[in-house]
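# Notes for the structure review
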Amino acid sequence: MSGFQFILFKFWPCRRLVFWGLGGLALLLTDTALLAQNATPDLLPFRHGSRWGYADHTRRLVLPLAYDEAGPFVEGVAWVRQGTLYGYINGGGTSLTPVQYRRASNFQHGRASVELNGETFYINPGGQRLASPPDPEPETDYLEQGDLVRRQGKVGFRFTMGASTVVPAEYDEIQDLHHDGLLLVRQGLKWGVLNSSGNLTLPLEYDAIRATAANGCAYPIVEQAGRFGYLDTEGKLLTKVQYTAAEPFIEDVARVTTPEGKTGYIDSRGKEYWEE
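Residues numbered from 1 in each chain as written. Predicted model: local features only at pLDDT ≥ 70, side-chain atom pairs only at ≥ 80, totals over all residues. Heavy atoms only, no water.

This paragraph deals with the overall build of the protein chain. In terms of regular secondary structure, the protein chain is built from two helices and 26 strands. Long-range contacts, defined here as pairs at least 24 residues apart, represent 39% of the contacts in the protein chain between residues at least 6 apart. As displayed, the protein chain offers around 13,200 Å² of accessible surface, 51% of which is attributable to carbon and sulfur atoms. (Helix = DSSP H or I, 4+ residues; strand = E, 2+ residues; numbered from the N terminus. Contact = heavy atoms within 4.5 Å. Areas by Shrake-Rupley, 256 points an atom, 1.4 Å probe, with all protein chains shown as cover.)

Within the open sheet, the three strands sit side by side as S5-S6-S7. Their pairing is antiparallel. Whereas interior strands pair on both sides, the edge strands pair on one side only; in this sheet they are strand S5 (69–70) and strand S7 (85–89). Bridge analysis of strand S6 (residues 78–82) against S7 gives five bridges, and the strand direction is antiparallel. Bridging from a neighbouring strand, Arg 81 pairs with Tyr 86 of S7. (Pairing = 2+ DSSP bridges.)

We now examine the pattern of salt bridges. Counted by the stated rule, this structure contains 14 salt bridges. Of the charged contacts in the structure, one is a salt bridge between Asp 172 and Lys 154, with a shortest N-O distance of 2.6 Å. Of this pair, Asp 172 sits in the loop between strand S15 (166–171) and strand S16 (173–176) while Lys 154 sits in strand S14 (residues 154–159), and the two are 18 residues apart along the sequence. Residue classification places Lys 154 among the partly exposed residues on the basis of a relative accessible area of 31%. Residues joined by salt bridges that share partners form a network here, namely Arg 47, Lys 262 and Glu 276. (Salt bridge = Lys/Arg side-chain N within 4 Å of Asp/Glu carboxyl O. Buried < 20%, exposed > 50% of the residue type's maximum accessible area, 1.4 Å probe, protein only.)

Glancing now at the pairing of S14. One ladder, built from six bridges, connects strand S13 (residues 146–151) with S14; its direction is antiparallel. Within S14, the residue paired with Val 149 across the bridge is Gly 156. Taking the residues between adjacent antiparallel strands as the criterion, S13 and S14 are bridged by two residues, where Gln 152 takes a positive phi near 50°. Examined bridge by bridge, S14 and S15 share three bridges and lie antiparallel to one another. Note on S15: the bridge partner recorded for Val 155 is Tyr 171.

Attention shifts here to empty space enclosed by the protein. Within the structure shown, the criterion is met by one cavity of 30 Å³ or more. Reported here for the largest cavity is a volume of approximately 40 Å³. Lining of the largest cavity is provided by Leu 177, His 179, Leu 182, Val 193, Tyr 219, Pro 220, Leu 231, Asp 232, Thr 233 and Gly 235. Considering only residue class, the lining of the largest cavity consists of six nonpolar, three polar and one charged. (1 Å grid on protein atoms, 1.4 Å probe; cavity = no way out; pocket = protein on both sides within 12 Å on 5 of 7 lines; lining within 4 Å. Points joined across faces, edges and corners; volume = space filled by probe spheres on them. Nonpolar A, V, L, I, M, F, W, Y, C, P; charged D, E, K, R; others polar.)

This part covers the sheet that holds strand S22 (residues 227–230). Pairing between the strands of a sheet is mediated by backbone hydrogen bonds and can be parallel or antiparallel. With antiparallel pairing, the three strands of this open sheet are ordered in space as S20-S21-S22. A single partner strand is all that each edge strand has here, and the edge strands are strand S20 (208–210) and S22. Each strand of the sheet is rotated relative to its neighbour by a mean of 25°, with strand direction disregarded. (Axes fitted to C-alpha atoms, helices over the stretch in contact; angles between N-to-C directions.)

With five of five residues buried, strand S9 (residues 112–116) is to be regarded as a mostly interior element. Burial along S9 is two-sided: the face carrying Ala 112, Val 114 and Leu 116 and the face carrying Ser 113 and Glu 115 are both buried. As judged from the five bridges shared by S9 and strand S10 (residues 119–123), these two strands associate in the antiparallel manner. Paired with Glu 115 across the strands is Thr 120, a residue of S10.

A few words on unusual backbone geometry. Here the phi dihedral of Glu 75 falls at roughly 55°; this positive angle occurs in a residue that is not glycine. Following the sequence through the fold, Glu 75 ends up in the loop between S5 and S6. In the Ramachandran plot, His 178 falls in the positive-phi region, its phi being about 65° despite a non-glycine side chain. Tracing the sequence through the fold places His 178 in the loop between S16 and strand S17 (183–187).

The next subject is the nonpolar core. Generally speaking, a soluble globular protein has its nonpolar side chains buried in company with each other. If you look at the biggest cluster of nonpolar residues, it comprises 28 residues, and the most contacted ones within it are Tyr 54, Phe 73, Tyr 88, Ile 89, Tyr 101, Val 114 and Ile 123. Those elements giving two or more residues to this core turn out to be strand S2 (44–48), strand S3 (51–55), strand S4 (61–67), S6, S7, S9 and S10. Counting residues in each nonpolar core, the second largest holds 13 residues, with Trp 191, Ile 209, Cys 217 and Val 222 among its members. (Core = buried A, V, L, I, M, F, W, Y, C linked by side-chain atoms within 4.5 Å.)

Quick look at the packing of aromatic side chains now. The tally for this structure, following the rule as stated, stands at eight aromatic pairs. Each ring, one from Trp 52 and one from Tyr 265, has its centre 5.9 Å from the other, and the planes form 85°; the classification is edge-to-face. Pair noted here: Trp 52 is in strand S3 and Tyr 265 is in strand S25 (residues 263–267), with a separation of 213 residues, a long-range link. Accessibility assignment for this pair places Trp 52 and Tyr 265 in one class, buried. Taking the centre distance of 5.2 Å and the plane angle of 70° together, the rings of Tyr 88 and Phe 107 count as edge-to-face. Of the two residues, Tyr 88 sits in strand S7 while Phe 107 sits in the loop between strand S8 (103–104) and S9, which places them 19 residues apart along the sequence. Neither residue differs from the other here; Tyr 88 and Phe 107 are each classed as buried. Among the aromatic residues, ring-to-ring pairing joins Tyr 88, Tyr 101 and Phe 107 into one connected group. Sitting over the face of the ring of Tyr 122, Arg 111 holds its NZ or CZ atom 5.3 Å from the ring centroid. The ring of Phe 121 carries Arg 129 above its face, with NZ or CZ at 4.2 Å from the centroid. (Phe/Tyr/Trp six-rings, centres within 6.5 Å; stacked < 30°, edge-to-face > 60°. Lys NZ or Arg CZ within 6 Å of the ring centre and 35° of its normal.)

Next comes the structure, spelled out in structure tokens:
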């Protein structure tokens, strides 16, 4: 299991996340200096064959192919794997922790979950163990851009934010993406995307469309016949629906698996960062 896969992503209708607690604020203030030191240019994990390094947005290799696996830079820190063990580096390629963990996750709010000697716990960007788990993030479940309209077992939508459009009650399900005037809509078993003018930007041809509040519901994952792709900010296809696995975007990058079984990363323009 890779360090990236150690993170459990849950998909749900997008919700606005409210402030994540005083404990989280104290932690954030405590680690501000460390995060600033670890600030990195926009580097993305780059795979060449079976080796991993980091490249800029032109695919120019910046950090050498020194790893067996590499994760994205989140809050200026990235996990890397050598053999079966994981550690963390900053944007200059400097090790922040020894390569010693059996599993490792991305940083979030100044902490990451790791496993060492059979024990799972949290560390800060300097590698110090944290005594307490993070505060849970409270959620508020509501429709931000408008309200559902129901009629004879079908649903429509009345925009109250940014548009005055009323979507007719002709869909079986509608999910609010909370931004850009986009709605996920379902008729029968098929999903599409509707914009604030009431027009389909993506036809009702897809088996599932999934967005996660963890990244602000950005770049939803679309599924068709067991393959996956991504939507852009206009609700149109960002990539072809071609990958056998796709993870949510985080820090402008997403991890995918090709039909050949190889993993790699794409950016928010749909550019791939690997070479066989």
